[in-house]
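Chain by chain, the residues:
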Amino acid sequence: MCEHPDLTFYHQDRKREYWQCQHCQLVQVPPQFHITTEQEKAEYDKHDNQDDDSGYRHFLSRCLNPILERVDSSQLGLDFGCGEGRVLSKMAQEAGVSVNNYDLYYADDQSVLAQQYDFITATEVIEHIYDAKGTFELFDRLLTANGQLALMTKRVIDKEAFSRWHYKNDPTHICFYSVATFEWLADSFNWEFKCIEKDVVLFLKYNLPE
Ligand SMILES: [Zn+2]
């Protein structure tokens with residue numbers, strides 16, 4: 001994330017190693033343990049996230065609702081990593097708020113990334129992306145001056161909990177964030193940060209007046 005060279009061994013299981021940056025605290029799987037792009041897409045294709053699935057809608061609402069409480073219908077959002085069903089944007093539309101969709105595999109329209117947004121949601125996305133630094137720099141560029149970013153990802157607690165964590169066993173999960181990493185991100189981008197609930201965090205970008 002921070003390009004600090006000081007990585008230390010964090011954990012090893014039957015399939016992969018996990019290393020932690022001593023600076024931003026991000027835990028990552030080294031590239032030699034990553035699956036191929038084709039294997040990754042095949043894993044995502046297995047997830048049949050239908051928009052009429054009330055369980056999936058409830059899951060997405062945990063990330064979307066904190067945003068909907070803080071925006072109005074004049075504001076435009078982006079669902080980054082929207083998935084095949086683009087369900088979150090449909091839910092926002094039902095609440096009267098417009099949300100564009102981007103997904104590397106299912107909605108790869110670069111023009112969507114050529115404008116700015118009042119808010120961005122990314123539910124269960126950042127744990128899949130190895131280029132954490134590039135992704136957060138992109139979020140920073142995509143957000144308007146007072147833009148908001150809502151992220152859903154499960155958090156690293158400590159080594160002991162990590163060793164028993166089913167979340168790390170998904171072969172497409174390669175980056176694991178903790179509160180310390182989110183605090184580091186907020187500091188380095190000059191954002192405000194708050195934990196909304198167990199798996200959801202909210203960042204507020206603010207630019208100091210010139
Ligand atoms: Zn780092």
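Before any of the text, the structure's been laid out above.
Residues numbered from 1 in each chain as written. Predicted model: local features only at pLDDT ≥ 70, side-chain atom pairs only at ≥ 80, totals over all residues. Heavy atoms only, no water.

**Concerning the sheet that holds strand E3 (residues 27–28)**
Then, number 1: Overall, antiparallel pairing links the four strands, which are arranged E1-E2-E3-E8 in an open sheet. Every other strand in the sheet has two partners, leaving strand E1 (7–12) and strand E8 (175–176) as the edge strands with one partner each. (Pairing = 2+ DSSP bridges. Helix = DSSP H or I, 4+ residues; strand = E, 2+ residues; numbered from the N terminus.)

**Details of the packing of helix H2 (residues 54–68) against helix H3 (residues 87–94)**
Then, number 1: The interhelical angle for the contact between H2 and H3, taken along N-to-C directions, is 70 degrees, at an axis separation of 10 Å. Compared by their axis directions, H2 and H3 come out roughly perpendicular. Along its contact with H2, which presents Tyr-56, Arg-57, Leu-60, Ser-61 and Leu-64, the element H3 presents Val-87, Leu-88, Met-91, Ala-92 and Glu-94.
Then, number 2: A per-class count over the contact of H2 with H3 returns seven nonpolar, one polar and two charged. (Axes fitted to C-alpha atoms, helices over the stretch in contact; angles between N-to-C directions. Parallel < 35°, antiparallel > 145°, perpendicular 65-115°, else oblique. Contact = heavy atoms within 4.5 Å. Nonpolar A, V, L, I, M, F, W, Y, C, P; charged D, E, K, R; others polar.)

**Quick word on the pattern of salt bridges**
Then, number 1: In total, this model carries 12 salt bridges according to the counting rule given.
Then, number 2: Of the charged contacts, one joins Glu-69 and Arg-70 as a salt bridge, the two residues approaching to 3.9 Å between their closest N and O atoms.
Then, number 3: For Asp-199, the salt bridge identified is with Lys-198, shortest N-O distance 4.0 Å.
Then, number 4: Asp-199 sits in the buried class, given a relative accessible area of 5%.
Then, number 5: Each member of the salt-bridge network shares a partner with another, and the members are Arg-62, Lys-154, Glu-197, Lys-198 and Asp-199. (Salt bridge = Lys/Arg side-chain N within 4 Å of Asp/Glu carboxyl O. Buried < 20%, exposed > 50% of the residue type's maximum accessible area, 1.4 Å probe, protein only.)

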